[in-house]
Amino acid sequence: MEKALNLDLKKILIERKVIQKKVEIIGKEISSDFAGKKLIVIAILKGSVIFFADLIREITVPVEIEFLRISSYGSGAESSGKICLEQEIAVDVTGKNVLIVEDIVDSGNTLKFLLDYFAQKGAQSIRSCVLLDKPSRRVVDIKADYICFEVPDDFIVGYGLDYNQKYRNLPYLAILKKECYIKNDIQ
Ligand code: PRP
């Protein structure tokens, strides 16, 4: 049983059990694709942190984990389009198999930035795994290699995703009520 629905939420979009099952499947797929190889799995902070923690436990090939902090949204509901690298990774990825783990691909700007970033750092291979894909918002022609769920153009929070740093700890994915973000975005 999920906890009572937070009053700011319109509805639960994806239940915790459904997320867990899908993460298990994607973890198996990654393990099979990288059989016999090592992986460096990079969590893109902060949104991916819960997905990342669950996903790496479903991967059976040896992994190293690293963290990269990046932000693009500012504080509102719309992406600023400007990407800020706030915390670099601490290791050399030259010649390594990199797996980028993101919570969502929206415009695609962040994923494009990350692919270029790791290519410049000399990674041997670069793959991306995302929890949510919102193709209707795409600006850059890009697609992640592993996608858990394709979602509509609603404001989604929970399981790591936030609005103004709230709701990341919800154990499910939910749609935020419009009035909760529209009122805050009007200056
Ligand atoms: C979100 C999300 C992705 C990016 C996707 O990050 O985590 O990194 O935006 O948007 P895009 O495809 O339009 O580039 P955000 O800046 O909200 O930071 P957070 O991960 O700390 O929540």
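Up top is the structure.
Rules used in this analysis
- Residues numbered from 1 in each chain as written.
- Predicted model: local features only at pLDDT ≥ 70, side-chain atom pairs only at ≥ 80, totals over all residues.
- Heavy atoms only, no water.
- Helix = DSSP H or I, 4+ residues; strand = E, 2+ residues; numbered from the N terminus.
- Salt bridge = Lys/Arg side-chain N within 4 Å of Asp/Glu carboxyl O.
- Buried < 20%, exposed > 50% of the residue type's maximum accessible area, 1.4 Å probe, protein only.
- Axes fitted to C-alpha atoms, helices over the stretch in contact; angles between N-to-C directions.
- Parallel < 35°, antiparallel > 145°, perpendicular 65-115°, else oblique.
- Left-handed = near helix turned anticlockwise from the far one by under 90°.
- Contact = heavy atoms within 4.5 Å.
- Nonpolar A, V, L, I, M, F, W, Y, C, P; charged D, E, K, R; others polar.
- Near = heavy atom within 4 Å.
- Polar contact = N/O pair within 3.5 Å; in protein donor to acceptor, adjacent residues only side chain to side chain.
- Areas by Shrake-Rupley, 256 points an atom, 1.4 Å probe, with all protein chains shown as cover.

1. Notes on unusual backbone geometry
Part 1 of the reasoning: In this structure, Lys46 follows Leu45 across a cis peptide bond, with omega equal to 5°.
Part 2 of the reasoning: Within the secondary structure layout, Lys46 lies in the loop between strand 2 (39-45) and helix 2 (49-56).
Part 3 of the reasoning: Within the chain, Asn164 stands out as a residue other than glycine whose phi angle is a positive 50°.
Part 4 of the reasoning: Along the chain, the position of Asn164 falls in the loop between strand 8 (156-157) and strand 9 (173-176).
Part 5 of the reasoning: Backbone geometry places Gln165, a non-glycine residue, at a positive phi of 70°.

2. Quick notes on the pattern of salt bridges
If the charged atoms of two oppositely charged side chains come close together, the side chains can form a pair.
Part 1 of the reasoning: Within the structure shown, the criterion is met by 13 salt bridges.
Part 2 of the reasoning: The salt bridge partner of Glu64 is Lys96, with a shortest N-O separation of 3.4 Å. One end of the pair, Glu64, is in strand 3 (residues 63-71); the other, Lys96, is in the loop between strand 4 (84-87) and strand 5 (97-105), with 32 residues separating them in the sequence.
Part 3 of the reasoning: Given the relative accessible area of 25%, Lys96 is considered partly exposed.
Part 4 of the reasoning: For Lys121, the salt bridge goes to Glu88, with nearest N and O atoms at 3.4 Å. Here Glu88 lies in the loop between strand 4 and strand 5 and Lys121 lies in the loop between helix 3 (109-120) and strand 6 (125-133), a separation of 33 residues in the sequence.
Part 5 of the reasoning: Judged by relative accessible area, which is 34%, Lys121 ranks as partly exposed.
Part 6 of the reasoning: What makes Glu88 partly exposed here is its relative accessible area of 41%.
Part 7 of the reasoning: In the salt-bridge network here, residues are joined through shared partners; they are Asp106, Lys134, Arg137 and Asp153.

3. Some points on the packing of helix 1 (residues 16-33) against helix 2
Part 1 of the reasoning: Following both chains from N to C, one finds helix 1 and helix 2 inclined at 60°, their axes separated by 9 Å at the closest point. Taken together, helix 1 and helix 2 sit at an angle that is classed as oblique. Judged by the sense of rotation from one axis to the other, the crossing of helix 1 with helix 2 is right-handed. Residues Val23, Ile26, Gly27 and Ile30 of helix 1 touch helix 2, and the partners they reach there are Phe51, Asp54 and Leu55.
Part 2 of the reasoning: Residues of the contact of helix 1 with helix 2, tallied by class, amount to five nonpolar, one polar and one charged.

4. Digging into the site of the ligand
Part 1 of the reasoning: Near the ligand there are 17 residues, and of these Ser72, Glu102, Asp103, Ser107 and Thr110 occur at the shortest range.
Part 2 of the reasoning: Gly47 is positioned with one of its backbone polar atoms (N or O) 2.9 Å from an oxygen atom of the ligand.
Part 3 of the reasoning: Here an oxygen atom of the ligand and a side-chain polar atom of Glu102 are 2.6 Å apart.
Part 4 of the reasoning: In isolation the ligand offers 500 Å² of accessible surface; the protein chains occlude 94% of this area.
Part 5 of the reasoning: Sorting the residues of the shell around the ligand by element identifies strand 5 and helix 3 as the ones contributing at least two each.

Functional significance is not addressed by these values, which are geometric in nature.
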